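Structural overview
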Amino acid sequence: MDADWELEEGIPQVEDPFIQKYLNGRNSLIAQEQKQRHDANLRKSLSPVADRACRIVSKIRARERKQVWSKELDDPKDDNETTHQADEILYPGVMFHLARNRMEKTKLWKIVQHMPKGSLLHAHLDAMFDIDFLIDLAFSTPGIHIWAPQPLRSQTDFDEAPFYFRYASLSTGTGEAAVWSESYKPSSLVDIHTAAASFPGGGEAGFRAWLRSRCVLTPEHSFYHYHGVDAIWAIFRRTFPIINSILQYEPIFRACLRHLLRQLAADGIRYVDFRAAFVFEYRREGSEAPEPDYIEWCRVFGDEIEKFKSTDEGKNFYGARIIWTTLRALSNKQITDSMKQCIETKQTFPNLIGGFDVVGQEDKGRTLVDLVPILFWFRKQCVEEGVELPFFFHAGECLGDGDSTDNNLFDAVLLGTRRIGHGFSLFKHPLLIDLIKEKRILVECCPISNEILRLTPTIQTHPLPALLSRGVSVALCNDDPAILGHGRNGLTHDFWQALQGLDNMGLTGLATMVENSIRWSCYEDQTTPEWLADIHDGMLGDGTKAARLQEWYRDFEKFCEWIILEFAEEDIDD
């Protein structure tokens with residue numbers, strides 16, 4: 001009936017030559033743009049096996065968007081799909097905390113979990129350790145005490161006031177009254193078991209729940225976007241001193257590091273560039289006095305990495321290095337003192353320290369242009385001391401457009417950064433995008449972190465697609481998974497969010513970002529020409545990166561074979 005009416009009205013039909021000409025031109029225009037995307041070369045060079053695996057993943061993704069992430073179908077078809085709750089918020093690309101439990105039951109999750117993920121390039125070490133595991137260690141490790149500058153009495157105190165933990169012998173811990181007592185003597189040490197037993201909110205169980213809440217951003221924290229970025233950063237900043245006061249005691253640090261490495265390796269990660277902000281006190285086992293520097297901390301870190309590589313779980317793990325960081329809000333003297341320590345530690349552990357960065361909320365800290373004089377001084381000191389400590393700057397982790405924080409991107413490029421941490425506001429700068437591509441600078445993208453810290457409400461409004469469509473080199477990273485409430489370590493959550501939430505991503509998009517993570521890994525010290533040559537040559541080179549890229553491509557092909565075998569029923573036309 002409609003066709004007859006259209007003919008009577010003279011409405012053109014799809015099969016008419018001039019409509020077909022329009023559609024062909026449209027398809028050609030889309031195809032032309034696709035050639036500029038970051039994964040264009042990989043899509044052209046896929047093996048038949050990989051190509052089939054990519055089709056299967058795309059079909060699974062499309063089906064789950066309808067069956068798992070929409071209320072249109074209330075009848076799950078298999079065990080991977082859960083029943084929808086009447087009040088559940090569901091749509092493709094839904095906020096991470098709303099999606100997390102459901103995503104981990106999907107076929108797409110199973111696929112991404114199995115994917116070989118290359119390197120993790122942007123991860124803050126002290127924000128990666130499982131908080132429940134850390135709290136258990138605080139209770140099971142002899143000599144852990146709690147203290148606070150002032151008693152914690154009001155609800156505001158429990159929500160915001162500072163408190164810390166410290167190792168001390170039982171004879172040193174002299175606090176007779178708990179931290180929540182009116183008679184508590186400020187800064188006195190109280191055994192953690194004693195303090196927990198008297199916790200006013202339910203004894204030890206309540207104490208553990210409260211301590212966890214002070215170390216993790218809850219879903220509610222991230223949902224209240226109208227509070228703005230500064231408000232959640234204030235909560236975020238308060239977590240680090242508490243965590244570090246527990247973590248930076250040798251027995252706890254060793255146990256946490258072993259646990260973390262097992263999680264990362266199990267998730268398909270084979271190398272990590274950890275960022276560590278060296279502003280904490282570290283104590284050896286049995287010592288009440290903090291170390292005067294970070295030499296012993298680095299020795300322990302290197303020792304645990306090597307031990308892990310010798311285990312069955314770590315036999316395929318290449319290793320990890322440290323990007324030395326300090327806080328951008330500190331004074332020139334404090335930052336230069338940290339720079340001196342960085343150089344001294346690099347000379348002691350040349351294979352361990354791989355670069356330098358300044359961290360902290362960009363909007364509240366000092367800009368890179370403000371730090372230019374001491375950054376030039378640092379570069380001069382490195383030359384004189386004969387050490388290679390390239391920059392890996394955070395920049396553009398903001399909502400600004402031409403303000404002083406946003407302009408950190410210009411200084412990061414001009415100062416020769418090899419990678420840019422976050423680069424959230426980069427998509428607003430067409431000239432910088434061209435420069436970053438020309439200078440072969442990678443963007444370390446952390447989509448879940450950007451969402452939880454209120455830069456974007458969901459993955460679907462993230463600027464990542466704008467960068468990928470312009471051919472910018474990007475690697476996905478997890479930033480601060482423990483504090484941000486991932487519930488487990490690794491890259492699967494961020495990979496899944498990008499694959500499920502972004503229409504143009506696909507398995508080739510993920511694979512290209514994994515390849516990038518290997519190409520831009522700081523496996524070893526390299527001069528700038530050596531670094532750029534390795535990135536340019538890729539798997540055709542003759543160095544460490546080329547060998548590891550070749551190995552990853554073999555792993556990726558096996559992964560694609562597994563997809564075909566595991567999900568063969570999905571490769572059937574509907």
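Counting starts from 1 at the beginning of each chain's written sequence and moves along it residue by residue. Given that this is a predicted model, residues contribute local features only at a pLDDT of at least 70 and side-chain atom pairs are listed and counted only at 80 or more, while totals for whole chains, interfaces and linings are drawn from all residues. The basis for every side-chain value is the complete set of heavy atoms in the structure, and neither hydrogens nor water enter the calculation.

Condition: UniProt positions are given in the numbering used here, feature names are shortened, and annotations may be inferred rather than shown by experiment.
Where an unreviewed UniProt entry is consulted, the protein appears under the name adenosine deaminase, with the organism given as Aspergillus ruber. Its UniProt record gives the protein a comment under Catalytic activity (unreviewed entry), which states: "adenosine + H2O + H(+) = inosine + NH4(+)".

**Focus: the overall build of the protein**
Test applied: Only runs of H or I of at least four residues qualify as helices and only runs of E of at least two qualify as strands under DSSP, and these elements are numbered from the N terminus. Just to be clear, the radius of gyration here is over C-alpha atoms, and the globule rule we use is 2.2 Å times residues to the power 0.38. Summary of the burial criterion: residues with accessible area below 20% of their type's maximum are buried, those above 50% are exposed, and those between are partly exposed, where the area comes from a 1.4 Å probe applied to protein chains only. The criterion used for residue contact is that any of the two residues' heavy atoms lie within 4.5 Å.
When helices and strands are counted, the protein shows 24 helices and eleven strands. Since a compact globule built from 574 residues should have a radius of gyration of about 25 Å, the 26 Å found for the protein is in line with a globular shape. With respect to the principal axes defined by its C-alpha atoms, the protein has extents near 95 × 60 × 50 Å. Residues classed as buried in the protein amount to 54% of the 574 residues present. In the protein, once contacts between residues fewer than 6 apart in sequence are set aside, the share between residues at least 24 apart is 75%.

**A word on the domain arrangement of the protein**
This is how it is decided: Segmentation into domains, and thus their bounds, comes from an automatic or database assignment. Take the accessible area each of two parts loses on contact, using a 1.4 Å probe, and add the two losses: that sum is the buried area. One side-chain nitrogen of Lys or Arg within 4 Å of one carboxyl oxygen of Asp or Glu is enough to make a salt bridge. Polar contact is defined as a pair of N or O atoms within 3.5 Å, subject to the rule that within protein one atom must be able to donate a hydrogen and the other to accept it, and that residues adjacent in sequence are counted only when both atoms are side-chain atoms. When residues are sorted by character, Ala, Val, Leu, Ile, Met, Phe, Trp, Tyr, Cys and Pro go into the nonpolar class, Asp, Glu, Lys and Arg into the charged class, and all the rest, Gly among them, into the polar class.
Splitting the protein by domain gives domain 1 (117-129 + 258-539) and domain 2 (142-214). In this assembly, four residues from domain 1 lie in contact with five residues from domain 2. The junction of domain 1 with domain 2 conceals about 380 Å² of combined surface from both sides, 48% of it contributed by carbon and sulfur atoms. Taken together, the connections running from domain 1 to domain 2 amount to zero salt bridges. In this assembly, domain 1 and domain 2 are joined by one residue pair in polar contact (both at pLDDT 80 or more). Split into classes, the residues belonging to the side of domain 1 that touches domain 2 amount to no nonpolar, two polar and two charged.

**Re the nonpolar core**
Short version of the rule: Grouping buried Ala, Val, Leu, Ile, Met, Phe, Trp, Tyr and Cys residues that are joined through side-chain atoms within 4.5 Å yields what is termed a nonpolar core.
Counting residues in each nonpolar core, the largest one holds 175 residues, and the members touching the most others are W180, F207, W297 and F301. Both domains that meet at this core, namely domain 1 (117-129 + 258-539) and domain 2 (142-214), each give it at least three residues. Look past the residues within four positions of W180 in its chain and what remains in contact with it is I146, L152, R153, F158, A195, S198, F199, P200, F207 and W210.

**Re the UniProt feature "domain: Adenosine deaminase" (unreviewed entry) in the protein**
The sites that carry the UniProt feature "domain: Adenosine deaminase" (unreviewed entry) are, in the present numbering, residues 233-527. Between the C-alpha atoms that bound residues 233-527 there is a distance of 36 Å. The span itself is 45% helix and 13% strand.

**Overview of the layout of surface pockets**
Going by this rule: The method works on a 1 Å grid over the protein atoms by themselves. A cavity is a set of points holding a 1.4 Å probe that cannot get out, a pocket is an open set with protein on both sides within 12 Å along at least five of seven lines, and residues with an atom within 4 Å of a point line them. Grid points are joined across faces, edges and corners, and a volume is the space filled by probe spheres set on the points.
Considered as a void within the structure, the largest pocket measures approximately 810 Å³ in volume. Lining the largest pocket are 35 residues, with F240, P241, N244, V279 and L327 sitting closest to its centre. Sorting the residues of the lining of the largest pocket by element identifies β3 (164-167), α12 (229-247) and β6 (319-327) as the ones contributing at least two each. Counting residues per element, the lining of the largest pocket draws most heavily on α12, which supplies seven residues. Looking at the lining of the largest pocket, you find at least three residues from each of domain 1 (117-129 + 258-539) and domain 2 (142-214). Forming the boundary of the second largest pocket are 26 residues, of which H38, N41, E515, N516 and R519 lie nearest the centre. Counting only elements with at least two residues in the lining of the second largest pocket, the list comes to α3 (40-45), α18 (430-438), α22 (506-519) and α23 (528-537). Sorting elements by how many residues they give to the lining of the second largest pocket places α22 first, with four residues. The residue inventory of the lining of the second largest pocket, partitioned by class, reads nine nonpolar, nine polar and eight charged.

**With respect to the side chain of R321**
Relative to the elements of secondary structure, R321 occurs in strand β6. For R321, a relative accessible area of 3% puts it in the buried group. Among the polar contacts made by the side chain of R321, one reaches the main-chain carbonyl oxygen of P350 at a distance of 3.3 Å.

**Re the sheet that holds strand β5 (residues 269-277)**
Heads up, the rule is: Here, strands pair whenever DSSP counts at least two bridges between them. Every axis in this analysis is a line fitted to C-alpha atoms, fitted for helices over the stretch in contact. Angles between the N-to-C directions lie between 0 and 180 degrees.
Across the sheet, which stays open at both edges, the four strands sit in the order β1-β5-β6-β7 with parallel pairing between neighbours. Edge strands, defined here as strands with exactly one partner in the open sheet, are β1 (118-124) and β7 (353-359). Averaged over all neighbouring strand pairs, the angle between strand axes comes to 25°, with direction disregarded. As defined by bridge partners, β5 adjoins β6 across seven bridges and the pair is classed as parallel. Its bridge partner being in β6, Y271 is matched across the sheet by G319. In the packing of helix α13 (residues 250-266) onto the sheet, the strands contacted are β1 and β5, and the crossing angle to β5 comes to about 140°. Contacting β6 and β7, helix α15 (residues 332-348) runs over the sheet at an angle of about 160° to β6.

**Description of the pairing of β6**
Inclusion rule: We call a crossover right-handed when, viewed with the strands running away from us, the connection from the first strand over the helix to the second turns clockwise.
Among the nine residues that make up β6, eight are buried, leaving the element largely enclosed by the rest of the structure. In this fold, β5 hands off to helix α14 (residues 295-309), which returns the chain to β6; that crossover is right-handed. Here six bridges tie β6 to β7, and the two strands are oriented parallel to one another. By the bridge assignment for β7, I322 is matched with I353. Each parallel crossover has a hand, and the one from β6 via α15 to β7 is right-handed.

**Digging into the packing of helix α7 (residues 131-140) against α13**
We count it as follows: Roughly parallel covers angles under 35 degrees, roughly antiparallel covers those over 145, roughly perpendicular covers 65 to 115, and oblique covers all other angles. Crossings are assigned a handedness: left-handed for a near helix turned anticlockwise from the far helix by less than a right angle, right-handed for a clockwise turn.
Closest axis-to-axis distance for the α7/α13 pair is 10 Å, and the angle between their directions is 150°. Between α7 and α13, the angle is such that the two are roughly antiparallel. Note on packing geometry: the crossing formed by α7 with α13 is right-handed. Along its contact with α7, which presents F133, L134, L137 and A138, the element α13 presents I252, A255, C256 and H259.

**Digging into the sheet that holds strand β4 (residues 190-191)**
The three strands are arranged β3-β2-β4 in an open sheet whose pairing can be described as antiparallel. If you trace the sheet from one side to the other, it starts and ends with β3 and β4, each paired once. Judged from the four bridges that link them, strand β2 (residues 144-147) and β3 form a sheet pairing that is antiparallel. Paired with I144 across the strands is Y167, a residue of β3.

**Here we look at helix α16 (residues 368-385)**
The following threshold applies: Expected span of a helix, by definition, is 1.5 Å for each gap between consecutive residues, and there is one gap fewer than residues. A residue's bend is simply the angle between two axes: one fitted to the seven residues ending at it, one to the seven starting at it.
Along its 18 residues, α16 runs 24 Å from first to last C-alpha, staying within 8% of the 26 Å computed at 1.5 Å per residue. Maximum bend of α16: about 40°, positioned at I374. Along α16, the residues classified as buried are L368, L371, I374, L375, F378, Q381 and C382. Phi turns positive one or two residues past the end of α16, at G386, with a value near 70°.

**Focus on the pattern of salt bridges**
This model, assessed by the stated rule, comprises 39 salt bridges. As a salt-bridge pair, E566 and K110 come within 2.7 Å of each other at their nearest N and O atoms. In this pair, E566 is assigned in helix α24 (residues 544-566) and K110 in helix α6 (residues 107-114), connecting sequence segments 456 residues apart. Under the relative-accessibility criterion, E566 is labelled partly exposed at 33%. Judged by relative accessible area, K110 falls into the partly exposed class, the value being 31%. The partner of D357 in a salt bridge is R275, with the nearest N and O atoms 2.9 Å apart. Within this pair, whereas D357 is found in strand β7, its partner R275 is found in strand β5, the two being separated by 82 residues in sequence. Using a relative accessible area of 0% as the deciding quantity, one classes D357 as buried.

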